[in-house]
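Examination of the molecular architecture
The residues making up each chain are set out below.
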Amino acid sequence: MTSPHAGVHRAVEAYYTGKVEKYGATALGVDWPSTPSLQLRLVKLLKVVDFAQGTSLNDLGCGWGAALDLIELRHRAARIDYSGIDLSAAMIEQARRKWGHRARTAFSVGHQCDRMAHYSIASGIFNVKLDATRQAWEAAVQATLQNLNACSSNGFAVNFMLPVDDADAVPQLYRTEPDPWVAFCRQQLRRAVEIVEDYGQNEFTLLVR
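To start, this report covers the structure provided alongside it. (Residues numbered from 1 in each chain as written. Predicted model: local features only at pLDDT ≥ 70, side-chain atom pairs only at ≥ 80, totals over all residues. Heavy atoms only, no water.)

By the secondary structure assignment, His 75 is in the loop between helix 3 (66-74) and strand 2 (80-86). Separated by 11 residues in the primary sequence, His 75 and Asp 86 have C-alpha atoms spaced 23 Å apart. (Helix = DSSP H or I, 4+ residues; strand = E, 2+ residues; numbered from the N terminus.)

Along helix 2 (residues 35-45), the residues that are buried comprise Ser 37, Leu 38, Arg 41, Leu 42 and Leu 45. Considered in projection along helix 2, the buried side chains sweep an arc of 140° and stay on one side of the axis. Where helix 2 is buried, its residues contact helix 3, strand 4 (117-122), strand 5 (152-161) and strand 7 (203-208). (Buried < 20%, exposed > 50% of the residue type's maximum accessible area, 1.4 Å probe, protein only. Arc of directions from axis to C-beta. Contact = heavy atoms within 4.5 Å.)

What follows concerns the side chain of Asp 59. Assignment of secondary structure puts Asp 59 in strand 1 (residues 55-60). Buried within the structure, Asp 59 lacks any salt-bridge partner; its nearest side chain of opposite charge belongs to Arg 115, at an N-O separation of 10 Å. For Asp 59, the contacting residues outside a window of four places in its chain are Ala 67, Tyr 82, Ser 83, Gly 84, Ile 85 and Ile 121. (Lys, Arg positive; Asp, Glu negative; His and termini not counted. Salt bridge = Lys/Arg side-chain N within 4 Å of Asp/Glu carboxyl O.)

Below, the discussion takes up the pairing of strand 5. The side chains of a regular strand alternate between both faces of the sheet. Of all 10 residues that make up strand 5, 8 are buried, and the element is covered over most of its length. Tracing the backbone out of strand 4, into helix 5 (residues 134-150) and back to the parallel element strand 5 gives a crossover that is right-handed. (Right-handed = clockwise from strand over helix to strand, strands pointing away.)

Enumeration over the complete set of coordinates arrives at 6 aromatic pairs. Centre to centre, the rings of Tyr 15 and Tyr 16 are 5.2 Å apart; their planes meet at 85°, and the pair counts as edge-to-face. The class of Tyr 15 is partly exposed, set by a relative accessible area of 26%. Seen in terms of ring centroids, Phe 160 and Phe 204 are 5.5 Å apart; in terms of plane orientation they differ by 20°. Their pairing is stacked. (Phe/Tyr/Trp six-rings, centres within 6.5 Å; stacked < 30°, edge-to-face > 60°.)

Here we come to the sheet that holds strand 1. Taken together, the 7 strands give an open sheet; going across it, the order is 3-2-1-4-5-7-6, and neighbouring strands pair in mixed fashion. Strands with a single pairing partner mark the edges of an open sheet, and in this sheet they are strand 3 (105-109) and strand 6 (193-196). In this sheet, adjacent strand axes meet at a mean angle of 15° when their direction is disregarded. Relative to the sheet, helix 4 (residues 89-99) contacts strand 2 and strand 3, its axis offset from that of strand 3 by approximately 165°. (Pairing = 2+ DSSP bridges. Axes fitted to C-alpha atoms, helices over the stretch in contact; angles between N-to-C directions.)

Pasting the structure below:
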């Protein structure tokens, strides 16, 4: 069945496909300026995961699998059944090329998680709205949060960009205060929410359990 947000997804897919085709499996390939800052935001998202025991993880908007770089670096001994999903077939091609050897790892093209896992993360997927209206974008964000909730038995984590002064605002980016999305997760999804902020980037992370 066609998603009601298909137009939004097509535009985002084309944008990120252009990035990865130009820059490959790098931070710039997922439209982020540097590897250290990309890893920092993933560190914050992965705080939702209990790595002390075997677990399963959905990575929505996985790109070329940057989260696996960090997991291999910091949690190499953990047994993680990983599923990466991305709108861009070119991203998934890069991910399979880089991580095809890894056990318990699968990648697929799509706009939502398609299996139940212990945890899910989504890094940066709510930032680049392009020409979508704010109303249309927020409707797509709500649908994505509902999907993450439905497919995560123990919790999920997402991040958003914080507002900036009007003079520095870029219309194609979506920025928000935490309150509306904390309220949505608490009231609509019936989940507990922890806000992670003040980590040197103009964004915040929500850990939803």
